[in-house]
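# Analysis of the macromolecular model
Chain residues, written in single-letter form:
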Amino acid sequence: VRPPGYDTVVDENIEWKLDRWVEAKRAKDFDLADQIRAELREKGIEPDTVRPPGYISPMDKETERKLDLWVEAKRMKDFATADAIRADLR
């Protein structure tokens, strides 16, 4: 028996949530990671199966760097910088 979500087909929104889940874990934002995991599980997707430990995102390094800066700006409560980075990423 395969775990839930093993062969689930995911759409773009689910892919985005899975990527955010991985990023939240890497940033040690465990509250956010737990929230995203719960949302995915409600949809029948087991993130630990779809994005196992050691998963390497296909995201380019520059985007990943900007996301790291965005997380750091939010943690430092520098919301103007965080908003500017977010606007750039969109």
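Read on for an overview of the structure.

Each value, and the rule that gives it
Residues numbered from 1 in each chain as written. Predicted model: local features only at pLDDT ≥ 70, side-chain atom pairs only at ≥ 80, totals over all residues. Heavy atoms only, no water. Helix = DSSP H or I, 4+ residues; strand = E, 2+ residues; numbered from the N terminus. Buried < 20%, exposed > 50% of the residue type's maximum accessible area, 1.4 Å probe, protein only. Contact = heavy atoms within 4.5 Å. Core = buried A, V, L, I, M, F, W, Y, C linked by side-chain atoms within 4.5 Å. Expected span 1.5 Å × (residues − 1). Salt bridge = Lys/Arg side-chain N within 4 Å of Asp/Glu carboxyl O. Axes fitted to C-alpha atoms, helices over the stretch in contact; angles between N-to-C directions. Parallel < 35°, antiparallel > 145°, perpendicular 65-115°, else oblique. Left-handed = near helix turned anticlockwise from the far one by under 90°. Nonpolar A, V, L, I, M, F, W, Y, C, P; charged D, E, K, R; others polar.

## Remarks on the overall build of the protein chain
If you tally the helices and strands in the protein chain, you get five helices and zero strands. The order of α-helices and β-strands along the protein chain, N terminus first, is α-α-α-α-α. A total of 90 residues make up the protein chain; the buried ones form 27% of that total. Sequence separation of at least 24 residues holds for 57% of the intrachain contacts in the protein chain that already meet a minimum separation of 6.

## Some remarks on the nonpolar core
If you look at soluble globular proteins, the nonpolar side chains tend to sit buried side by side. Residues Ile14, Leu18, Trp21, Val22, Ala24, Ala33, Ile36, Leu40, Ile45 and Val50 constitute the largest nonpolar core, which totals ten residues. Of all elements in the fold, only α1 (12–26) and α2 (30–42) reach the threshold of two or more residues within this core. It is α1 that contributes the most residues to this core, five residues altogether.

## A look at helix α4 (residues 61–75)
The end-to-end C-alpha separation of α4 is 21 Å, in line with the 21 Å expected for 15 residues at 1.5 Å each. Positioned one or two residues after α4, Lys77 has a phi angle of 60°, which is positive.

## Focus on the pattern of salt bridges
If you walk through the whole model with that rule in mind, you get eight salt bridges. The shortest N-O distance in the salt bridge between Lys66 and Asp88 comes to 2.6 Å. Here Asp88 lies in helix α5 (residues 79–89) and Lys66 lies in helix α4, a separation of 22 residues in the sequence. Each of Arg41, Glu46 and Asp48 takes part in salt bridges that share partners, so that together they form one network.

## A look at the environment of Asp83
Here Asp83 is to be found in helix α5. On a C-alpha basis, the gap between Asp83 and Ala73 in space is 9.0 Å, while along the polypeptide they are ten residues apart.

## A few points about unusual backbone geometry
Where the residue is not glycine, phi is negative for most of them; where a peptide bond is considered, it is trans in most cases. Positive phi, close to 60°, is recorded for Lys28, a residue that is not glycine. Tracing the backbone through its elements, the reader meets Lys28 in the loop between α1 and α2. By relative accessible area, Lys28 is classed as exposed at 60%. Phi at Lys77 is positive, roughly 60°, even though this residue is not glycine. One can find Lys77 in the loop between α4 and α5.

## Structural notes on the packing of α1 against α2
Their axes nearest at 8 Å, the elements α1 and α2 cross at an angle of 150°. Classified by the angle their axes make, α1 and α2 are roughly antiparallel. Both α1 and α2 take part in a crossing whose hand is left-handed. Where α1 approaches α2, its residues Ile14, Lys17, Leu18, Arg20, Trp21, Ala24 and Lys25 are matched on the opposing element by Phe30, Leu32, Ala33, Ile36, Arg37, Glu39 and Leu40. When its residues are assigned to classes, the contact of α1 with α2 shows nine nonpolar, no polar and five charged.

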